[in-house]
Amino acid sequence: MIQESEVVTRKVQSVLTVHIQYVFKGGFFVKLKSINMANQAQEISKAFDNTKETEIYSLWKESGYFNPDKMKELLGDKSKKHFGIPLPPPNANGDLHLGHTCGYAFQDLMGRYNRMTGHPTLLLPGKDHAGIQTEAVFTKLLEKEGKSKWDMGREEFYKQCYEFCMRMMTNAMKQEKRIGLSADWSRHLFTLDPRLTDIIYSTFYKLLDEGLIYRGKRITNICPHCKTALADIDTERMEIRGIFAYIVYPFEEEADRSEAKKLWGHEGIVVATTRPETMLADTAVAVNPKDKRYKKFVGKKVMLPFMDKALPIIADDHIDIETGTGALKVTPAHSPIDYEIGLRHKLDVVNVINEEGKMTGPIPERFKGMGTIECSKTIVKELDGMGLLVKIENIKHEVAVCERCKTPIEPIISKQWFVDMKPLAREILKSLKKGEVKVIPSGQQKALEHFLNNIQDWCISRQLWWGHRVPVWYSGGKELYDWKIDNPEKSIAEFTKETGKPIKGTGNVLKGDLQPETDPDWKGKPSDLWLEAETDMFDTWFSSGQWPFSTLKGLGGDNFEQYYPADVMETARDILFWWVARQLMLGKYITGKVPFHTVFLHGLILAEDGSKMSKSKGNTKEPTEIFDRYGADSLRLWYYNESLPGSNVPLREEKIKGNRNFVNKIWNASRFVLMNAEALGLKSLRSADVPLNSDRIKKTEEHVERIKKYIESYRFNLGAETIREFFWHTYCDKWIEEIKKEISEAPEGSKERSSSIAELVYILKENLKIMHPFMPFVTEAVWQELKKIGLADGILMVEQI
């Protein structure tokens, strides 16, 4: 019989083989010292070594259980319905940021939990070619090397850009694995994969054939530097210095001029604008019908300076009486707000700024070719000389700029390819009403409904060299087709009269990635027919909006039949409208089913000062820095506790550091239990040894059920808080101390003693299981230690809860 304080030497088989001396004290074996043997490694570290995370990840990956097909084989008859998340594909042009790893932490938690509850789980990974972002990044790299894409040409540029993305993609995958993402890498896809391209094109053809895609003229964001159309999400707001110019638009009639002079001291209505150069494209002046100052002048006309053109004064309820002078110059071609006013009042649309940001169109010759800022200064100076400038205010105001090059964008009436989104949006509104889709948090669902109810046509063409080419050919050339758009009432025969160019086709659009052999409607000589390829690329969101079904269809076999629709779309709140909504609409349109039933939105991870992280600001933090310093589990736990659904959170490194203490608490408490279980010779957990009806085990079962409910209801923060509270304060602080006392009072070799230590190990294993989705690395590491002394089998990742 071992006596109190007796020293015992045992050889312990663990991750490393060491000889350890124990002292039997307080009913437990407590390690006294280690005796290093020749050629033997050191004992297990006192803190969890997060450099071992790579080895642990390799263990998971090599097991093959990231693949849901292998999970089905493992589970057999116990296999439940599959669970799937189409992972948002990050841009294939750079390293990941903390926002990406935040999403992966939530996605992986859900994936691991469902895998451990009997659901073959597919976390489907991939990368996005990210049209404008990647082209901008790669172009800058070329410039640093003294190269130009224009010298390189389209084909060579595309080839080298593709190779660049392949290199960057490898780096991103390493970071995805560092956070513990249990994705099925055998199904990893790139949005430019030819298998996906075929599906993306088939969607385009279906929309085109059904009249939902068209080429037309609408106001569009144009970047004069990148020379392409932009989505709103491709822009950001920037504060710049500017002016507020107060300009007199004189009344056309003498009587009105006299009345205005009496009322306001000027012979016309005064408008205030930050962009004087756009006045050359004005087609009306709008006031609020409730504004008493201007009520009597509605229906009258004012003269547009420089243009000798009379503009109507119109009444519109959307005009803010308090802003500026309460009178708005309406420029439908160069303001989205004005464009909507123009549609309501059927105003002319006059474009005076081109895609390069230069003045053009039906304007005085002296202004043509000027940049917008130069033209603004010239117009202000001339207005002052004409006595039509009341005052200038120097201001700071926010303008939309290109996200990549920071050039102020120009809203311009432009010919582009558009999708009529209203029919698609109506179907998703029905799905939301039926409860087929829910958004967490619920406030974002209301925002989504508002967006769908007010949806605008979607511009899907971009003037880029990188991406999916819009797969159409113009019979007779693009210019002829666009001329037909501008002249719907005219015969095609008039094209030559107006342009002096011969007609070499029908003016039709022909579908196809490859050039068609002919135009079936062409009646002329086959040798005279000219088929011009569209050079525009699709908006990236058009291809990524098809991600949930294009990936599964592209993989072939029965992937689509087995795994579509998925279950959850977990992503950042800021792309709810630009990506999630489009996945819903395109998924329902093509497959007849919504692509997922739940949308979970995490907030943005901000810099420590609360500002948006930006490499240009130098306030970013690379995930690798956090992994190396504190380990992935510490970062994951911070995400679950802090990044609540829909809310933004500034980075708090001290809290991540604090989570490291909990990781070490799990490691050390487990190490203590392992040491005593092995020292006492416990080789297995037989049911006869475990008091399954004990109060502690019942409380553990209740705890596990509570965490399961938190996960299934997407309350991950409560789950994270509860596992920490239970393990640290109940299991460690209370129960280990209770069992110490029980063992100290029980005779050596007694059933009571073995039962107590078996209970402690059993409860540890149950805690490891339910903690694993939150903190996979340290829990798996402990599980493998249990396995080495015969107290666990296999890998924790596929243990069933």
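The structure displayed is predicted, hence computed values, not measured ones.

Trainee: In this structure, what is going on with the overall build of the chain? I would like to understand it.
Mentor: Assigned secondary structure in the chain consists of 25 helices and 28 strands. Summarising its shape, the C-alpha atoms of the chain cover approximately 115 × 70 × 55 Å along the three principal directions. Taken over 801 residues, the chain has a buried fraction of 56%. Taking the contacts inside the chain whose residues are at least 6 apart along the sequence as the reference set, 76% of them involve residues at least 24 apart. A total accessible area of about 34,800 Å² is found for the chain, and carbon and sulfur atoms account for 50% of it. Separation between the mean location of the 114 positive side-chain charges and that of the 113 negative ones in the chain comes to 2 Å.

Trainee: Help me out: how do you make sense of helix α12 (residues 442–453) in this one?
Mentor: Each turn of an α-helix holds 3.6 residues, which means side chains three or four residues apart point in the same direction. In a regular helix each residue adds 1.5 Å, so twelve residues correspond to 16 Å; α12 covers 17 Å between its end C-alpha atoms and thus fits that length. Listed as buried for α12 are Gln444, Gln445, Leu448, Phe451 and Leu452. For α12, the buried positions fall inside an angular range of 120° around the axis, keeping them on one side. Exposed side chains of α12 directed beyond 90 degrees from the buried face belong to Ser442, Lys446, His450 and Asn453. Buried positions along α12 lie against α11 (422–434), β18 (438–440), α18 (576–591) and β26 (598–602).

Trainee: In this structure, what is going on with the pattern of salt bridges? I would like to understand it.
Mentor: One side chain can pair with another of opposite charge once the charged atoms of both are near each other. For the structure shown, the criterion picks out 50 salt bridges. Taking the shortest distance from any N to any O, the salt bridge between aspartate 457 and arginine 218 comes out at 3.9 Å. In this pair, aspartate 457 sits in the loop between α12 and β19 (458–459) while arginine 218 sits in strand β8 (residues 213–223), placing the two residues 239 residues apart along the sequence. When the shortest N-O distance is used, the salt bridge between glutamate 705 and lysine 708 registers 3.5 Å. Remark: lysine 708 and glutamate 705 occur in helix α22 (residues 695–712); sequence separation between them is three residues, near one turn of the helix.

Trainee: I keep staring at the packing of aromatic side chains and nothing clicks. Help me out?
Mentor: When we look at a pair of aromatic rings, we describe it by the centre distance and by the angle of the planes. In this structure the tally under the stated criterion is 41 aromatic pairs. Relative to tryptophan 728, the ring of phenylalanine 662 has its centre 6.0 Å away and its plane inclined at 10°; by these criteria the two rings are stacked. With phenylalanine 662 in helix α21 (residues 653–679) and tryptophan 728 in helix α23 (residues 716–745), this residue pair connects regions lying 66 residues apart in the sequence. Exposure remark for phenylalanine 662: the relative accessible area of 0% places this residue in the buried category. Grouped by ring-pair contacts, the aromatic residues Tyr201, Phe204, Tyr205, Trp417, Trp458, Phe538 and Phe542 constitute a single cluster. For the cation-ring pair, arginine 112 lies above tryptophan 60, with the distance from its terminal atom to the ring centre recorded as 4.0 Å. In this structure, lysine 149 is placed above the aromatic ring of phenylalanine 157, and the distance from its NZ or CZ to the ring centre is 5.8 Å.

Trainee: What should I look at first to understand empty space enclosed by the protein in this one?
Mentor: Taking a probe equal in size to a water molecule and rolling it over the atoms shows the remaining empty space. Under the criterion given, the structure shown has two cavities of 30 Å³ or more. Taken as a whole, the largest cavity holds about 80 Å³ of empty space. In this structure, the largest cavity is lined by His82, Phe83, Gly84, Ile85, Pro86, Leu122, Leu124, Pro548, Thr551, Leu552, Tyr563 and Ala566. Those elements that place two or more of their residues in the lining of the largest cavity are β4 (83–86), β5 (121–124) and α16 (547–555). Class assignment of the residues belonging to the lining of the largest cavity gives a composition of nine nonpolar, three polar and no charged. Considered as a void within the structure, the second largest cavity measures approximately 30 Å³ in volume. Along the walls of the second largest cavity sit Phe106, Phe600, Tyr640, Ser643, Leu644, Pro645, Tyr714, Arg715, Phe716 and Asn717, which together make up its complete lining.

Trainee: How should the packing of α23 against helix α24 (residues 751–771) be read in this particular structure?
Mentor: A packed helix pair is summarised by two numbers, namely the angle formed by the two axes and the spacing between the axes. Between α23 and α24, the shortest axis-to-axis distance is 10 Å and the interhelical angle comes to 170°. Judged on the interaxial angle alone, α24 and α23 are roughly antiparallel. Taking contact as the criterion, the partners of Ile723, Phe726, Phe727, Tyr731, Trp735, Ile736, Ile739, Glu742 and Ile743 in α23 are, on α24, Arg753, Ser756, Ile757, Leu760, Ile763, Leu764, Asn767 and Met771.

Trainee: Sorry, what's going on with the confidence of the model for the chain here?
Mentor: The predicted coordinates of low-pLDDT regions are not to be read in fine detail. Put simply, the chain has an average pLDDT of 90, and 93% of its residues get 70 or more. This model gives residues 1–22 a pLDDT under 50, and the stretch forms 72 contacts once residues within four places in sequence are excluded. Within the model, pLDDT remains below 50 along residues 31–42, and this stretch shows 26 contacts once partners closer than five positions in the same chain are excluded.

Trainee: When you look at the environment of proline 471 in this model, what are you seeing that I'm missing?
Mentor: Along the chain, proline 471 falls in the loop between β20 (461–462) and β21 (472–475). Overall, the relative accessible area of 0% leaves proline 471 in the buried class. A C-alpha to C-alpha distance of 28 Å links proline 471 and glutamate 494, two positions 23 residues apart in sequence. Among all residues touching proline 471, those that are not within four sequence positions of it are Tyr201, Phe204, Tyr205, Leu510, Lys511, Gly512, Asp513 and Phe538.

Trainee: Is there a simple way to explain the packing of helix α3 (residues 98–115) against helix α20 (residues 632–642) in this structure?
Mentor: One can describe the packing of α3 onto α20 by two numbers: an axis separation of 10 Å at closest approach and a directional angle of 85°. Of the possible angle classes, the one that applies to α3 and α20 is roughly perpendicular. Two secondary-structure elements touch here, α3 through Leu98, Thr101, Cys102, Ala105, Phe106, Asp108, Leu109 and Arg112 and α20 through Leu635, Arg636, Tyr639 and Tyr640.

Trainee: What's the story with the sheet that holds strand β17 (residues 410–419) in this structure? I'm lost.
Mentor: Two strands in a sheet stick together by hydrogen bonds in their backbones, pointing the same way (parallel) or opposite ways (antiparallel). Across the sheet, four strands lie side by side as β9-β8-β17-β19; this open sheet has antiparallel pairing. Either end of the sheet is taken by a strand with one partner, and the two such strands are β9 (228–230) and β19. Note: β17 against β19, two bridges, orientation antiparallel. Within β19, the position partnered with valine 419 by the bridge is tryptophan 458. Of the strands in this sheet, β8 and β17 are in contact with helix α13 (residues 478–486), which crosses β8 at around 95°.

Trainee: Help me understand unusual backbone geometry, please; the structure alone is not making it clear to me.
Mentor: Generally, phi is negative for residues other than glycine and the peptide bonds are trans, each holding for most cases. Of note, the bond from isoleucine 440 into proline 441 is cis; its omega dihedral lies within 30 degrees of zero at 5°. Within the fold, proline 441 resides in the loop between β18 and α12. In this structure, proline 565 follows tyrosine 564 across a cis peptide bond, with omega equal to 0°. Here proline 565 shows up in the loop between α17 (559–563) and β25 (568–572).

Trainee: Looking at this structure, I do not really get the pairing of β4. What am I missing?
Mentor: On a regular strand, each side chain points to the face opposite its neighbour's, so the side chains alternate between the two faces of the sheet. Residues Phe83 and Ile85 of β4 are buried on one face, and the alternating residues Gly84 and Pro86, pointing to the opposite face, are buried as well. For the handedness criterion, the β-α-β arrangement of β4, α3 and β5 is classed as right-handed.

Trainee: So what exactly am I meant to see when it comes to the side chain of threonine 540 here?
Mentor: Following the sequence through the fold, threonine 540 ends up in helix α15 (residues 540–544). Threonine 540 gets classed as buried once you look at its relative accessible area, which sits at 10%. Of note is the side chain of threonine 540, whose polar atom sits 2.7 Å from the backbone nitrogen of glycine 131. Excluding anything up to four places from it in sequence, threonine 540 contacts Asp128, His129, Ala130, Gly131 and Ile132.

Trainee: In this structure, what is going on with the state of the cysteines? I would like to understand it.
Mentor: In protein chemistry, a disulfide is the covalent bond that joins the sulfur atoms of two cysteines. Scanning the entire structure with this criterion turns up zero disulfides. With no disulfide of its own, cysteine 405 has cysteine 223 as its nearest cysteine by sulfur position, at a separation of 3.4 Å. On the accessibility criterion, cysteine 405 (24% relative accessible area) is partly exposed.

The rules we used
Residues numbered from 1 in each chain as written. Predicted model: local features only at pLDDT ≥ 70, side-chain atom pairs only at ≥ 80, totals over all residues. Heavy atoms only, no water. Helix = DSSP H or I, 4+ residues; strand = E, 2+ residues; numbered from the N terminus. Buried < 20%, exposed > 50% of the residue type's maximum accessible area, 1.4 Å probe, protein only. Contact = heavy atoms within 4.5 Å. Areas by Shrake-Rupley, 256 points an atom, 1.4 Å probe, with all protein chains shown as cover. Lys, Arg positive; Asp, Glu negative; His and termini not counted. Charge placed at Lys NZ, Arg CZ, Asp CG, Glu CD. Expected span 1.5 Å × (residues − 1). Arc of directions from axis to C-beta. Salt bridge = Lys/Arg side-chain N within 4 Å of Asp/Glu carboxyl O. Phe/Tyr/Trp six-rings, centres within 6.5 Å; stacked < 30°, edge-to-face > 60°. Lys NZ or Arg CZ within 6 Å of the ring centre and 35° of its normal. 1 Å grid on protein atoms, 1.4 Å probe; cavity = no way out; pocket = protein on both sides within 12 Å on 5 of 7 lines; lining within 4 Å. Points joined across faces, edges and corners; volume = space filled by probe spheres on them. Nonpolar A, V, L, I, M, F, W, Y, C, P; charged D, E, K, R; others polar. Axes fitted to C-alpha atoms, helices over the stretch in contact; angles between N-to-C directions. Parallel < 35°, antiparallel > 145°, perpendicular 65-115°, else oblique. pLDDT = per-residue confidence, 0-100. Pairing = 2+ DSSP bridges. Right-handed = clockwise from strand over helix to strand, strands pointing away. Polar contact = N/O pair within 3.5 Å; in protein donor to acceptor, adjacent residues only side chain to side chain. Disulfide = S-S within 2.5 Å.

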